[in-house]
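Close look at the chain arrangement
One-letter residues, chain by chain:
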Amino acid sequence: MPPHVRAATGRPEPGEYAAYAQADFDAVPGDDAIAALEHARDATLALFAPLDEVAIRGLRYPPRKWTVKEVLGHLIADERIYAFRALSVARGDAGPLPGFDENAYVTHARFEERLLADLLAEYRLVRASTLALLHGLPDDAWTRTGLANGYPASARGLAFHIAAHELHHLRVLRERYLHG
């Protein structure tokens with residue numbers, strides 16, 4: 001039997017993700033969740049890898065916003081949660097899957113106390129794990145839906161969310177933290 005050749009996931013339709021995220025979804029290129037995550041990974045590593053640990057220590061654009069390292073840590077936590085949601089939905093769990101308090105997750109993780117290199121290593125591992133999960137999904141799993149944080153979501157909508165959310169935060173980092 002020949003190996004399975006994966007088809008593009010297709011872009012999620014409205015109703016497969018939270019309506020509040022539409023603008024972020026519109027910024028994701030292409031029609032394949034895996035390619036979108038690979039693109040976002042490359043953009044994230046290109047932005048974070050050259051940053052100097054000392055130069056970004058405590059850097060935030062206004063008081064009480066997250067630091068650069070806290071943003072990266074938030075992306076890691078958010079990806080873990082959305083990958084779990086995608087796994088659940090893809091396996092036929094219709095939910096409801098709970099929401100989470102992103103500020104509490106950041107506060108209790110104490111990302112600012114960690115080395116940027118360690119956070120980047122964790123980011124790479126989490127993304128590799130997410131991609132491995134998604135590469136293994138059968139074609140029909142991508143459009144399965146469940147209820148996540150009170151809204152209907154498909155596996156591909158949840159995967160696209162990871163990329164959309166990540167690209168949103170990269171834009172904020174460039175514009176408000178790193179000024180360019």
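What comes next is a walk through the structure.

Okay, the pairing of strand E2 (residues 151–154) next. The pairing of strand E1 (residues 145–148) with E2 spans four bridges and is antiparallel. Looking at the pairing, Ala148 lines up with Tyr151 of E2. Between E1 and E2, which pair antiparallel in sequence order, lie two residues; one of them, Asn149, sits at a positive phi of approximately 55°.

Look at Arg64: it is not a glycine, yet its phi comes out positive at around 75°. If you trace the backbone, Arg64 turns up in the loop between helix H3 (53–56) and helix H4 (68–90). Arg64 gets classed as exposed once you look at its relative accessible area, which sits at 80%.

Attention now moves to the nonpolar core. Grouped together as the largest cluster of nonpolar side chains are 54 residues, with contacts concentrated most on Phe48, Leu72, Leu158 and Leu173. Among the secondary structure elements, those contributing two or more residues to this core are helix H2 (33–48), H4, helix H6 (116–135), E2 and helix H7 (155–177). Sort the elements by how many residues they give to this core and H7 lands first, with 12 residues. The residues touching Leu158, leaving out its near neighbours within four places in the chain, are Tyr82, Arg85, Ala86, Val89, Ala148, Tyr151 and Ala153.

Turning our attention to the packing of aromatic side chains. A complete count under the given rule lists five aromatic pairs for this structure. With centroids separated by 5.2 Å and ring planes inclined at 70°, the aromatic side chains of Tyr61 and Tyr177 adopt a geometry described as edge-to-face. Separated by 116 residues along the polypeptide, Tyr61 in the loop between H3 and H4 and Tyr177 in helix H7 bring together distant segments of the chain. Classification of Tyr61 as partly exposed rests on a relative accessible area of 31%. Ring pairing ties together the aromatic residues Tyr17, Phe25 and Phe160, which thus form one cluster. We note Arg85 situated over the ring of Tyr82; from NZ or CZ to the ring centre the distance is 4.6 Å.

To continue, consider H6. Here H6 spans 28 Å end to end across 20 residues, near enough to the 28 Å set by a 1.5 Å rise per residue. Buried residues of H6: Leu116, Leu119, Leu120, Glu122, Tyr123, Val126, Arg127, Thr130, Leu131 and Leu134, and no others. In this structure, the buried side of H6 is in contact with H2, H3, H4 and H7.

In this section: the pattern of salt bridges. Any two side chains of opposite charge can pair if their charged atoms end up close together. Per the counting criterion, the structure on display carries 11 salt bridges. With a closest N to O distance of 2.4 Å, Arg127 and Glu166 form a salt bridge. Of the two residues, Arg127 sits in helix H6 while Glu166 sits in helix H7, which places them 39 residues apart along the sequence. The same class applies to Arg127 as to Glu166, namely buried. In this structure, Arg144 engages Asp140 in a salt bridge whose closest nitrogen and oxygen atoms are separated by 3.1 Å.

Conventions adopted
- Residues numbered from 1 in each chain as written.
- Predicted model: local features only at pLDDT ≥ 70, side-chain atom pairs only at ≥ 80, totals over all residues.
- Heavy atoms only, no water.
- Pairing = 2+ DSSP bridges.
- Helix = DSSP H or I, 4+ residues; strand = E, 2+ residues; numbered from the N terminus.
- Buried < 20%, exposed > 50% of the residue type's maximum accessible area, 1.4 Å probe, protein only.
- Core = buried A, V, L, I, M, F, W, Y, C linked by side-chain atoms within 4.5 Å.
- Contact = heavy atoms within 4.5 Å.
- Phe/Tyr/Trp six-rings, centres within 6.5 Å; stacked < 30°, edge-to-face > 60°.
- Lys NZ or Arg CZ within 6 Å of the ring centre and 35° of its normal.
- Expected span 1.5 Å × (residues − 1).
- Salt bridge = Lys/Arg side-chain N within 4 Å of Asp/Glu carboxyl O.

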